[in-house]
Amino acid sequence: MAHDLSKPYEYPFDVASEEEIRFRDAGAVDGRPAGVPSSYDEGGSTRWTPEAISEVHALAQLGRYQVRGYNTFNKQLPTFDDLTFVPATMTRLPLEGYRESCDTTTVLGGGRGLVERPLELKIPIYIASMSFGALSASAKASLGYGASKVGTMTCTGEGGMLEEEREASQRLLYQMSPARYGVDLDHLRRADALELVVGQGAKPGTGGLLLGMKVSPRVSKMRTLPEGVDQRSTIRHPDFLGADDLAVKIEELRIATNYQVPIFIKMGATRPRFDVAVAAKAGADVVVVDGAEGGTGASPELLLNHTGIPTMSAIRAAREALDECGMTGKVSLVAAGGIRSGVDAAKCLALGADAVMIGNAAMVALGCNSPRYLEDYAALGTSPGACHHCHTGRCPVGIATQDEELESRMNPRAGAERIARYLTAMTMEITALAKACGKSSVHNLETEDLRALSFQASAFTGVKMAGIDRAFDW
Amino acid sequence: MSEVAERMDEIVIEVGKRHIREVNRDIMDACATGRPIRVVNTLSRHNLGVGLPDNVDITFEGSVGYYCGGLNTGANISIERNCGWAVGEGMAKGHITVGGYAGMSCGAAMIGGTIHVKGDAGPRVGVAMKGGNIVVEGKIGYQSGFMAHSGRIIALGGAGESCADALWEGEVWVAGEVDSLGVDVDVIEPTAEEVAEVDAILEPLGLVDSSRNWRKMVSGQRLWYFESRDASAWLMI
């Protein structure tokens with residue numbers, strides 16, 4: 001029963017003094033008062049975090065969006081660690097991991113039977129499209145020699161064919177971006193495959209970016225650009241718009257190369273279920289899907305962090321699209337974006353990719369973010385392990401630069417061998433997992449070999465949840 | 001009629017409904033002979049005469065589809081009537097004459113050589129071109145010269161909307177009316193020396209006319225540098 005509110009309640013003792021109420025009990029320490037909400041000190045707005053505030057300050061100061069290199073900093077994206085392998089146990093028989101062989105040969109672009117020289121790679125990994133311009137000439141050559149040693153391929157990127165890379169790479173994919181820098185019929189015919197780029201994972205829907213610090217005399221000549229301008233490229237191709245035109249364009253490239261080499265289409269992962277089907281129908285031999293985790297030499301930061309879908313989800317959607325339109329086996333699927341190891345690569349293969357490509361990972365293997373020249377990292381306001389300043393051209397370790405002095409800091413022979421060893425180690429990781437799962441070819445890895453450790457990863461991929469063995473599905 | 005025939009000193013190649021790969025193989029074989037080539041019954045087919053070599057004279061009777069003369073490396077190509085999209089795209093060297101109208105993206109990303117269109121041309125003439133000359137006797141369509149890196153687009157009959165949009169070092173010359181300018185364009189009065197250079201391009205085509213009132217469009221260079229502190233430069237795009 002309620003008290004009579006007309007009559008104030010009175011304690012049967014004296015009311016404590018204000019001094020006593022303020023947690024000034026015996027033992028209280030000066031300067032650490034209780035009774036002050038932690039938010040006074042720490043804040044706690046979930047929207048106006050210190051990062052969000054510094055972002056607004058940066059925009060207010062610059063009057064434009066921020067540009068940087070490297071890859072996404074969005075913390076909401078899943079990682080490949082959200083998936084685990086479930087090797088053979090009672091229902092399946094493993095292969096002897098230390099003794100039995102597992103085939104890693106990867107053929108790309110032969111499925112339609114249209115080209116004379118499908119790509120036969122010894123491993124299911126190749127080096128992603130990073131341009132001369134974004135990377136130094138020595139870095140490009142190192143990637144080429146390292147890849148050649150292990151029987152795989154590199155890609156020119158959008159800056160045209162660099163002679164050093166053509167010499168180094170036994171197999172070279174020639175990229176034709178919408179800007180068509182340095183396009184040359186002779187280069188097309190000297191390539192082992194051609195790639196039409198309609199987008200990239202780091203900034204789908206937006207063209208390439210190379211700031212003036214990297215538009216050196218040689219880069220400017222290869223790209224027919226004024227020296228030192230901030231090159232912000234087109235995203236729409238100059239001579240085709242939709243899928244019907246693309247089909248004609250692909251035929252043109254086939255005629256130009258006399259039906260010798262496969263034609264790739266590379267896209268950023270946005271609506272892969274439809275985009276991949278369209279690319280396959282338009283006649284591509286290989287479709288490359290680059291997830292939101294994909295790297296870049298320079299991009300508006302907002303696009304890096306807030307566009308595209310995770311690689312793992314894109315692979316499943318792409319594979320289902322190819323299955324649905326009867327193109328599995330005819331069109332090869334390459335996945336990229338955020339692959340750090342053979343383990344990540346094996347997960348991509350199990351999800352449905354025929355091969356993967358690595359960009360940032362290859363740069364890191366060359367020495368990106370290695371702890372040398374600390375004062376130069378400090379000059380960029382960063383430190384080894386955290387550097388994302390590819391866009392400035394002031395790469396402390398001489399990889400993402402056009403500055404001769406910085407470029408000389410990378411030992412090209414050591415770089416080539418590091419790439420070869422890294423690719424070898426990645427391949428061993430893939431075969432170790434494949435053999436544990438009982439597969440005599442890495443291409444026999446399948447979604448059933450995986451389980452998801454998070455609802456999110458299961459929902460994104462349709463991979464069964466660990467334990468309950470059902471996909472977190474709608 | 002057989003698919004490849006000889007008429008006087010010409011080699012005559014029939015297109016019709018044959019596979020385009022076969023037609024192009026016949027064209028390449030004919031190129032190797034060094035004799036003039038006439039391609040007939042073209043039916044506006046796409047991808048005719050792609051990647052042709054130097055020292056070749058080839059005529060397409062009637063109209064052609066997309067990418068005719070694409071990636072040309074020196075051939076002298078004559079298209080009797082109209083052409084579809086991207087005639088001479090990526091061409092490095094040579095000469096293309098279009099007797100009628102040219103579709104979208106005429107000379108897209110071309111590097112060198114000359115394209116001469118006797119009628120009008122569609123939108124995006126010379127988009128992303130890296131060099132060479134495009135001469136259009138009629139009007140050029142909207143957004144012509146978009147991000148042209150180098151080279152000249154010369155329109156004797158006028159230009160559509162958004163002319164010379166976002167140029168690098170390419171130039172757009174227009175003798176007639178310009179419907180509207182693209183972003184970051186400076187329209188300048190050409191010097192007598194510059195007009196003489198353009199006349200030198202027009203002279204072999206028999207198109208010199210000293211009474212023309214030229215407008216030469218070049219980049220304002222305000223979009224060349226991202227580090228601009230001038231916010232209005234960004235708001236214009």
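The rules behind each value
Residues numbered from 1 in each chain as written. Chains lettered and ligands numbered in written order. Predicted model: local features only at pLDDT ≥ 70, side-chain atom pairs only at ≥ 80, totals over all residues. Heavy atoms only, no water. Helix = DSSP H or I, 4+ residues; strand = E, 2+ residues; numbered from the N terminus. Contact = heavy atoms within 4.5 Å. Areas by Shrake-Rupley, 256 points an atom, 1.4 Å probe, with all protein chains shown as cover. Lys, Arg positive; Asp, Glu negative; His and termini not counted. Charge placed at Lys NZ, Arg CZ, Asp CG, Glu CD. Rg over C-alpha atoms; globule rule 2.2 N^0.38 Å. Buried < 20%, exposed > 50% of the residue type's maximum accessible area, 1.4 Å probe, protein only. Expected span 1.5 Å × (residues − 1). Pairing = 2+ DSSP bridges. Axes fitted to C-alpha atoms, helices over the stretch in contact; angles between N-to-C directions. Polar contact = N/O pair within 3.5 Å; in protein donor to acceptor, adjacent residues only side chain to side chain. Buried area = accessible area lost by both parts, 1.4 Å probe. Salt bridge = Lys/Arg side-chain N within 4 Å of Asp/Glu carboxyl O. Right-handed = clockwise from strand over helix to strand, strands pointing away. Core = buried A, V, L, I, M, F, W, Y, C linked by side-chain atoms within 4.5 Å. Patch = residues over 30% accessible without salt bridge, like charges linked within 9 Å, V, L, I, M, F, W, Y side chains within 5 Å. Phe/Tyr/Trp six-rings, centres within 6.5 Å; stacked < 30°, edge-to-face > 60°. Lys NZ or Arg CZ within 6 Å of the ring centre and 35° of its normal.

A.B. asks: Sorry if this is basic, but what is going on with the overall build of chain A here?
C.D. replies: Counting its secondary structure elements, chain A contains 17 helices and 16 strands. Structurally, chain A occupies a C-alpha span of about 100 × 60 × 45 Å along its principal axes. Across chain A, every contact between residues at least 6 apart in sequence was considered, and the portion connecting residues at least 24 apart equals 67%. On chain A, roughly 21,500 Å² of surface is accessible, and the fraction owed to carbon and sulfur atoms is 54%. One way to put it: in chain A the 49 positive side-chain charges average out to a point 5 Å from where the 58 negative ones average out.

A.B. asks: I'm lost on the overall build of chain B in this one. Help?
C.D. replies: Across its full length, chain B carries three helices and 12 strands. Compactness check: chain B gives a C-alpha radius of gyration of 19 Å against a globular reference of 18 Å for 237 residues, within 12% of the reference. In terms of overall dimensions, chain B has a C-alpha envelope of 65 × 35 × 25 Å along the principal axes. Within chain B, the proportion of its 237 residues that are buried is 61%.

A.B. asks: Is there a simple way to explain helix α4 (residues 137–149) of chain A in this structure?
C.D. replies: Because each turn of an α-helix spans 3.6 residues, side chains separated by three or four positions in sequence point in the same direction. Residues and elements named next belong to chain A. Spanning 13 residues, α4 covers 19 Å between terminal C-alpha atoms, matching the ideal 18 Å at 1.5 Å per step. For α4, the complete set of buried residues consists of Ala 137, Ser 138, Ala 139, Lys 140, Ala 141, Ser 142, Leu 143, Gly 144, Gly 146, Ala 147 and Ser 148. One or two residues past the end of α4 sits Gly 151, with phi positive at roughly 80°.

A.B. asks: I tried to follow the sheet that holds strand β14 (residues 332–336) of chain A on my own but got confused; where do I start?
C.D. replies: Sheets are built from strands that pair by backbone hydrogen bonding, the pairs being arranged parallel or antiparallel. Residues and elements named next belong to chain A. A sheet is described by the order of its strands in space; here eight strands give the open sequence β5-β15-β14-β12-β11-β8-β7-β6, paired in parallel fashion. Two strands close off the open sheet at either side, each with one partner strand: β5 (125–127) and β6 (154–155). Lying on the sheet, helix α11 (residues 311–324) is in contact with β12 (286–290) and β14; it crosses β14 at an angle near 170°.

A.B. asks: What is the right way to look at the environment of Ala 164 of chain B in this model?
C.D. replies: Residue and element names in this part refer to chain B. Here Ala 164 is to be found in the loop between β9 (152–155) and β10 (171–174). In sequence terms Ala 164 and Arg 81 are 83 residues apart; their C-alpha atoms lie 27 Å from each other. Contact partners of Ala 164, with chain neighbours within four places excluded, come to Ser 144, Val 172, Val 183, Val 185 and Met 217.

A.B. asks: Would you explain the side chain of Arg 319 of chain A in this entry?
C.D. replies: Residues and elements named next belong to chain A. Looking at the secondary structure, you find Arg 319 in helix α11. Given the relative accessible area of 10%, Arg 319 is considered buried. Among the polar contacts listed, one links the side chain of Arg 319 to the side chain of Asp 354, at a separation of 3.2 Å. When residues no more than four places from it in sequence are discounted, the contact partners of Arg 319 are Thr 328, Leu 333, Leu 351, Gly 352 and Asp 354.

A.B. asks: What am I meant to see in the interface of chain B and chain A here?
C.D. replies: It is common to report an interface's size as the accessible area lost on association of the parts. Chain B puts 40 residues into the contact, and the matching count from chain A is 40 residues. Summed over both partners, the interface of chain B with chain A comes to about 3,400 Å²; 61% of that surface belongs to carbon and sulfur atoms. Taken together, the links from chain B to chain A amount to two salt bridges. The closest approach of N and O atoms between Glu 89 of chain B and Arg 180 of chain A, which form a salt bridge, is 3.6 Å. Here the side of chain B that touches chain A gets four residues from one element, more than from any other, and that element is helix α1 (residues 20–33) of chain B.

A.B. asks: Would you take a moment to explain the pairing of strand β3 (residues 37–40) of chain B for this structure?
C.D. replies: Remark: a regular strand shows side chains that alternate across the two faces of the sheet. Residues and elements named next belong to chain B. On β3, burial covers both faces: Ile 37 and Val 39 on one face and Arg 38 and Val 40 on the other are all buried. Inspection of the sheet shows strand β2 (residues 10–14) paired to β3 by four bridges, in the parallel sense. Note on β3: the bridge partner recorded for Ile 13 is Val 39. The handedness of the β2 to β3 crossover, carried by α1, is right-handed. As defined by bridge partners, β3 adjoins strand β4 (residues 57–60) across three bridges and the pair is classed as parallel. Counterpart to Ile 37 in the pairing with β4 is Ile 58.

A.B. asks: Could you clarify how one ought to interpret the sheet that holds β2 of chain B in this entry?
C.D. replies: Residues and elements named next belong to chain B. Within the open sheet, the 12 strands sit side by side as β1-β2-β3-β4-β5-β6-β7-β8-β9-β10-β12-β11. Their pairing is mixed. Two strands lie at the open edges of the sheet, namely β1 (4–7) and β11 (185–188), each paired on one side alone. Recorded for the sheet is a direction-independent mean angle of 20° between the axes of neighbouring strands. Sheet topology note: the β10/strand β12 (residues 215–219) ladder contains three bridges and is antiparallel. If you follow Val 174 over to β12, its bridge partner there is Arg 215. Those strands touched by helix α2 (residues 192–202) are β8 (133–136), β9, β10 and β12, and its axis lies near 80° from that of β9.

A.B. asks: Just checking my understanding: could you explain the pairing of β12 of chain A for this structure?
C.D. replies: Residues and elements named next belong to chain A. Of all five residues in β12, five are buried, a share of seventy percent or more. What you see with β12 is no split at all: Val 286, Val 288 and Asp 290 on one side and Val 287 and Val 289 on the other are buried throughout. In this sheet, β12 lies alongside strand β11 (residues 263–268) in parallel orientation, the contact comprising five bridges. Across the sheet, residue Ile 265 finds its bridge partner in β12, namely Val 287. One crossover worth recording links β11 to the parallel β12 by way of helix α9 (residues 272–281), and it is right-handed. Note that β12 and β14 share five bridges and pair parallel. Bridged to Val 288 within β14 is Val 334.

A.B. asks: Please explain the nonpolar core as it appears in this structure.
C.D. replies: The nonpolar side chains of soluble globular proteins are, as a tendency, buried together. Counting 93 residues, the largest nonpolar core has Phe 60 and Ile 79 of chain B as the members making the most contacts within it. Top contributing element to this core by residue count: helix α8 (residues 243–256) of chain A, with six residues. Contact partners of Ile 79 of chain B, with chain neighbours within four places excluded, come to Phe 60, Gly 62, Val 64, Cys 68, Val 87, Ile 96, Thr 97, Val 98 and Gly 99 of chain B. Counting 57 residues, the second largest nonpolar core, distinct from the first, contains Ala 345, Ala 353, Ala 400 and Ala 434 of chain A.

A.B. asks: Help me understand a nonpolar patch on the surface in this model?
C.D. replies: A grouping of Tyr 9, Tyr 11, Phe 13 and Val 15 of chain A is seen on the molecular surface, where their side chains present a nonpolar patch of about 530 Å² in accessible area. Along the polypeptide, Phe 13 of chain A turns up in the segment before α1 (18–21).

A.B. asks: Is there a simple way to explain the packing of aromatic side chains in this structure?
C.D. replies: The geometry of an aromatic ring pair comes down to the distance between the two centres and the angle between the two planes. A complete count under the given rule lists seven aromatic pairs over all chains for this structure. Pairing Tyr 66 of chain B with Trp 85 of chain B gives two aromatic rings, centres 4.8 Å apart and planes at 0°, and the pair type is stacked. Of this pair, Tyr 66 of chain B sits in the loop between β4 and β5 (73–79) while Trp 85 of chain B sits in the loop between β5 and β6 (93–98); the two residues are 19 residues apart in sequence, bridging distant segments of the chain. Tyr 66 of chain B sits in the buried class, given a relative accessible area of 16%. Its relative accessible area of 19% is what places Trp 85 of chain B among the buried residues. Ring centres 5.6 Å apart and planes at 80° place the aromatic pair Trp 173 of chain B and Trp 214 of chain B in the edge-to-face group. You can see Trp 173 of chain B sitting in strand β10 and its partner Trp 214 of chain B sitting in the loop between α2 and β12, a full 41 residues away along the chain. Each of the two residues, Trp 173 of chain B as well as Trp 214 of chain B, counts as buried. Put simply, the rings of Tyr 9, Tyr 11 and Phe 13 of chain A pair up and form one aromatic cluster. Taking NZ or CZ as reference, Arg 218 of chain A lies 5.1 Å from the ring centre of Phe 132 of chain A, over its face.

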